[in-house]
Amino acid sequence: MTLDKRLGQRFLPYGANYLDWSDMAELREAIEHRVLFRYQTETESMASRLERETCRHLGAAHSLAVHNCTEALRLALIATRPSIGDRVYIPAVTFVAVAGAVLSCGLIPVPVDTDDSLSLDPTLLPPDAERVIVAHMEGTVAPLPQGVRYVIEDCAQSLGARFPDGRAVGTAGYAGTFSFHHNKVLTSGEGGLVVTNDEQAWATMRCYHDHGSARVPGRYPTWNEDAYYGENFVTSEQVAAVQCQQFRHLDELLDGLERMYAIAMRELPDRADLEVRPRAAGDVKVSLRFRCRDRALRDAAVATLTAEGIANWTLNKYLLPEHPVLTGRRSLYADGFPWNHAPEGSLALSHDGFARTRDRLDRTLCVPLSPELPESEQVGAVKAIRRVLEAV
Ligand SMILES: *Cc1c(COP(=O)(O)O)cnc(C)c1O
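We now turn to the structure provided with this report. (Residues numbered from 1 in each chain as written. Predicted model: local features only at pLDDT ≥ 70, side-chain atom pairs only at ≥ 80, totals over all residues. Heavy atoms only, no water.)

**Details of the packing of helix H4 (residues 69-79) against helix H6 (residues 199-208)**
Their axes nearest at 9 Å, the elements H4 and H6 cross at an angle of 120 degrees. Classified by the interaxial angle, the pair formed by H4 and H6 is oblique. The hand of the H4/H6 crossing is right-handed. Residues Arg74, Leu75, Ala76, Ile78 and Ala79 of H4 touch H6, and the partners they reach there are Ala201, Thr204, Met205 and Tyr208. Of the residues assigned to the contact of H4 with H6, the class counts are 7 nonpolar, 1 polar and 1 charged. (Axes fitted to C-alpha atoms, helices over the stretch in contact; angles between N-to-C directions. Helix = DSSP H or I, 4+ residues; strand = E, 2+ residues; numbered from the N terminus. Parallel < 35°, antiparallel > 145°, perpendicular 65-115°, else oblique. Left-handed = near helix turned anticlockwise from the far one by under 90°. Contact = heavy atoms within 4.5 Å. Nonpolar A, V, L, I, M, F, W, Y, C, P; charged D, E, K, R; others polar.)

Following this line, the structure appears as structure tokens:
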């Protein structure tokens, strides 16, 4: 197989997935145990093992496994005990799941414009902001606002990233959420996790995610006098097993990304009109992010890379103020819930109607790095990228 083929073989590559039958001890264990429900196991469940391992590795007090990051965001929002129609400030550049999680909790998403790195710009927040979701997009560590009561860190695209002080992303705010979806740093197909250092938040999320119950493992759920209604976000043992297996490879994956990033920074052409943006030390190096002179050059680079079979993507799809669900205030409810609790007119926060952000997005190009390749193949892959970009 040619190198370009190998790089392009995984549809939408993002990180590595390390899925291999020779390495599936946890999954084998879960199946041999013959119980796939986490609260029916006699020994420590896979879900509990995953929570223990992620707490240890990330330095979080509590961790809760759920089906996906969208549920994790919903749990974190509900744990703040909001009122219907409360505003939640979210990045203008992120996946629509963030807005969906907010809306499905009966809350109003308010897009906030981004800084030069395309992360939420905390200086735009009003002084009375109570709930903010910050997304660390594409492994890029975003700044956190100070003095906001509930900062939820969406780490769906940044598992393993660290702040300059060494803390893992997801552990510095009220709660942090992670995704193990196919396109993320690690994958179990679908899978999610929420971490928090707040004891009360954890207790609330644990109850809500299991029908509002105070379940004792091995027993039918029970409801305390002060119980609330909940939903069912309880994960399965076989998914948790794959997440445990994936998580074992996190450090190896981060090292592989760092190595290929370093090669790229040495080897790539020094073109002022097609500049590779340096990443911070604590970022997860999921991709090379290029800033092009203009959109035409960016689009030409996309076309050439794609024609050569080299995976790449752009970030225009993430501009939420232009997403139909937000522009059209769409809802399945007959009364438009929860938008019927929002004031008329745009709530979005930007100095220039997102003009600068739109321009940055138009000029941005990302090329994923391949952590699982041995160094010699990473060098070859970077040379292939270089050859293509020099010719654009
Ligand atoms: C993928 C993603 C989500 C949603 O994660 P799921 O596990 O697919 O629900 C949320 N936020 C961001 C930034 C994402 O990239």
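**Structural notes on the nonpolar core**
Ranked by size, the top nonpolar core spans 105 residues in total, and within it Leu77, Ile133, Leu159 and Phe290 carry the most contacts. Looking at this core element by element, the count peaks at 8 residues for helix H8 (residues 250-267). Two domains share this core, each providing at least three of its residues, namely domain 1 (15-80 + 149-247) and domain 2 (250-319 + 354-390). The contact partners of Phe290, leaving out residues within four places of it in the chain, are Leu268, Leu274, Glu275, Val276, Arg277, Arg363, Thr364, Leu365, Val367 and Leu389. Counting 10 residues, the second largest nonpolar core, distinct from the first, contains Met137, Trp313, Leu319 and Leu361. (Core = buried A, V, L, I, M, F, W, Y, C linked by side-chain atoms within 4.5 Å. Buried < 20%, exposed > 50% of the residue type's maximum accessible area, 1.4 Å probe, protein only. Domains from an automatic or database assignment.)

**What to know about the environment of Asp270**
Mapped onto the secondary structure, Asp270 falls in the loop between H8 and strand S8 (274-276). It is 9.5 Å that separates the C-alpha atoms of Asp270 and Glu390, two residues lying 120 residues apart in sequence.

**Remarks on the pattern of salt bridges**
With the rule as written, the count across this model stands at 29 salt bridges. Measuring nitrogen to oxygen at the nearest pair gives 3.3 Å for the salt bridge that ties Asp294 to Arg293. Under the relative-accessibility criterion, Asp294 is labelled partly exposed at 28%. Among the ionic pairs, Arg295 bridges to Asp362, the shortest N-O distance being 2.8 Å. Here Asp362 lies in helix H11 (residues 355-362) and Arg295 lies in helix H9 (residues 295-307), a separation of 67 residues in the sequence. Overall, the relative accessible area of 19% leaves Asp362 in the buried class. (Salt bridge = Lys/Arg side-chain N within 4 Å of Asp/Glu carboxyl O.)

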